[in-house]
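# Inside the fold
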Amino acid sequence: MKIFSIRDIHIGEGIPKVIVPLMGKNTEQLLLEIKIIKEATPDIVEWRADVLEEVENIEAVKKTLSAIRTELYPTPLLFTFRSHREGGNKKITDSYYKQLLEEVVQTNEIDIIDVELFSLNVHEIVESAIANDVFIIMSNHDFEKTPVKEEIIWRLRRMQEFGAHIPKIAVMPKSPTDVLTLLDATYTMNSLYANRPIITMSMASTGIISRLAGQVFGSAATFGSGIEASAPGQIPASELRRMLEILHTN
């Protein structure tokens with residue numbers, strides 16, 4: 001299993017890393033949010049740029065990104081524009097999605113970028129990120145259902161084939177059985193196919209156990225909320241870390 005290190009954060013080793021999202025609509029809100037979430041000592045901070053009011057203005061995105069980076073450094077920063085079709089806040093064209101991600105990876109202001117598996121220009125975005133020494137979390141989010149085990153594994157393996165440093169999938173359970181499907185797929189992927197860290201989760205309250213016990217099945221990181229959750233079922237980051245440490249220690 002390959003471990004990816006960003007400064008002193010080693011993804012794929014030890015206790016699962018806690019990723020906390022920034023959900024502010026403007027720079028002022030984001031900087032205030034950073035001051036609060038720093039108290040939870042996140043391993044990685046994710047900026048959900050699709051929430052930004054001026055996200056369709058690339059220069060405004062870059063200016064805000066620079067302010068976030070200055071305030072956060074040296075905490076690793078993950079840039080995410082979550083598309084509307086996968087639960088994000090704004091509809092944009094595929095061409096703008098590509099342009100936005102490619103320009104952001106060239107800023108030298110981020111450590112990791114989220115690239116959606118089913119985005120139209122996934123090959124080009126991956127190549128651009130790698131050329132600029134930015135790690136890639138390739139993601140897929142299903143807010144309607146939990147696919148069958150074989151489909152979950154196929155998507156994670158496809159991300160690995162595309163060159164993602166960390167494949168990630170989040171699914172919506174309709175029953176506890178769906179949560180077991182996600183955990184079983186995670187264990188099988190991690191045991192038989194993965195040669196790099198993976199991140200998996202089952203969303204909503206039914207899936208909370210996957211956020212807590214993912215390390216038992218092979219998930220290398222989990223998302224905890226700061227001021228605002230970025231997905232249903234997220235636990236406040238400070239509480240999440242305490243529970244992860246109890247599980248890891250025992």
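Residues numbered from 1 in each chain as written. Predicted model: local features only at pLDDT ≥ 70, side-chain atom pairs only at ≥ 80, totals over all residues. Heavy atoms only, no water.

As annotated in an unreviewed UniProt entry, the chain carries the name 3-dehydroquinate dehydratase and comes from Psychrobacillus glaciei. Taken verbatim from the UniProt record of the chain, the Catalytic activity (unreviewed entry) comment is "3-dehydroquinate = 3-dehydroshikimate + H2O". Here the chain is described in UniProt, under the heading Sequence similarities (unreviewed entry), as follows: "Belongs to the type-I 3-dehydroquinase family." (UniProt positions renumbered as here; feature names shortened; annotations may be inferred.)

### Concerning the packing of aromatic side chains
All told, the structure shown has 3 aromatic pairs when counted by the stated rule. The interplanar angle of 65° and the centroid separation of 5.4 Å between the aromatic rings of Phe4 and Phe135 together place this pair among those described as edge-to-face. Taken together, the positions of Phe4 in strand S1 (residues 4-6) and Phe135 in strand S7 (residues 135-142) put the pair 131 residues apart, joining distant regions of the chain. Its relative accessible area of 21% is what places Phe135 among the partly exposed residues. Both rings, one in Phe81 and one in Tyr97, keep their centres 6.3 Å apart while their planes meet at 70°; by these two values the pair is edge-to-face. Taken as a pair, Phe81 in the loop between strand S5 (77-80) and helix H3 (94-105) and Tyr97 in helix H3 lie far apart in primary sequence, 16 residues in all. Note on Phe81: relative accessible area 1%, which makes it buried. For Arg158, the ring lying beneath its charged end belongs to Phe162, and the centroid distance is 4.5 Å. (Phe/Tyr/Trp six-rings, centres within 6.5 Å; stacked < 30°, edge-to-face > 60°. Helix = DSSP H or I, 4+ residues; strand = E, 2+ residues; numbered from the N terminus. Buried < 20%, exposed > 50% of the residue type's maximum accessible area, 1.4 Å probe, protein only. Lys NZ or Arg CZ within 6 Å of the ring centre and 35° of its normal.)

### Quick look at the sheet that holds strand S10 (residues 221-225)
Strands sit in the order S9-S8-S7-S6-S5-S4-S3-S10-S11 across an open sheet of 9 strands; the sheet is parallel. Each edge of the open sheet is held by one strand with a lone partner, namely strand S9 (199-202) and strand S11 (235-236). Two strands pair when backbone bridges link them, and strand S3 (residues 17-22) and strand S4 (residues 44-48) are joined in this way by 4 bridges, in the parallel orientation. Bridged to Ile19 within S4 is Ile44. (Pairing = 2+ DSSP bridges.)

### Considering the UniProt feature "binding site: 3-dehydroquinate" (unreviewed entry) in the chain
Here the UniProt feature "binding site: 3-dehydroquinate" (unreviewed entry) sits at Glu46, Trp47, Arg48, Arg82, Arg211, Ser230 and Gln234. Following the sequence through the fold, Glu46 ends up in strand S4. According to the relative accessible area criterion, Glu46 is buried, its value standing at 2%. Relative to the helices and strands, Arg211 is located in helix H7 (residues 208-217). Using a relative accessible area of 1% as the deciding quantity, one classes Arg211 as buried.

### Quick look at the packing of helix H1 (residues 27-37) against helix H2 (residues 58-72)
Running from N to C, H1 and H2 cross one another at 15°; their axes reach a closest spacing of 10 Å. With respect to each other, H1 and H2 are oriented roughly parallel. The chirality of how H1 crosses H2 is right-handed. Residues Thr27, Leu30, Leu31, Ile34 and Lys35 of H1 pack against Thr64, Ala67, Ile68, Glu71 and Leu72 of H2. In terms of residue class, the contact of H1 with H2 is made up of 6 nonpolar, 2 polar and 2 charged. (Axes fitted to C-alpha atoms, helices over the stretch in contact; angles between N-to-C directions. Parallel < 35°, antiparallel > 145°, perpendicular 65-115°, else oblique. Left-handed = near helix turned anticlockwise from the far one by under 90°. Contact = heavy atoms within 4.5 Å. Nonpolar A, V, L, I, M, F, W, Y, C, P; charged D, E, K, R; others polar.)

### What to know about the side chain of Ser139
You can see Ser139 is positioned in strand S7. Residue classification places Ser139 among the buried positions, given a relative accessible area of 0%. Here Asp114 takes part through its side chain, which lies 2.9 Å from a polar atom of the side chain of Ser139. (Polar contact = N/O pair within 3.5 Å; in protein donor to acceptor, adjacent residues only side chain to side chain.)

### Looking at the side chain of Thr188
If you trace the backbone, Thr188 turns up in helix H6 (residues 176-193). Apart from residues no more than four positions distant in its own chain, Thr188 is found in contact with Lys149, Ile153 and Tyr193.

### Brief notes about the UniProt feature "active site" (unreviewed entry) in the chain
The UniProt record annotates "active site" (unreviewed entry) at His141 and Lys168. In summary, the annotated positions, though distributed over 28 residues, converge in three dimensions, the widest C-alpha pair being only 8.6 Å. Within the secondary structure, His141 sits in strand S7. A relative accessible area of 4% means that Lys168 is categorised as buried. With sequence-adjacent residues up to four places away left out, Lys168 is seen in contact with Arg82, Ile137, Met138, Ser139, Asn140, His141, Leu156, Met159, Ile199, Met201 and Phe223.

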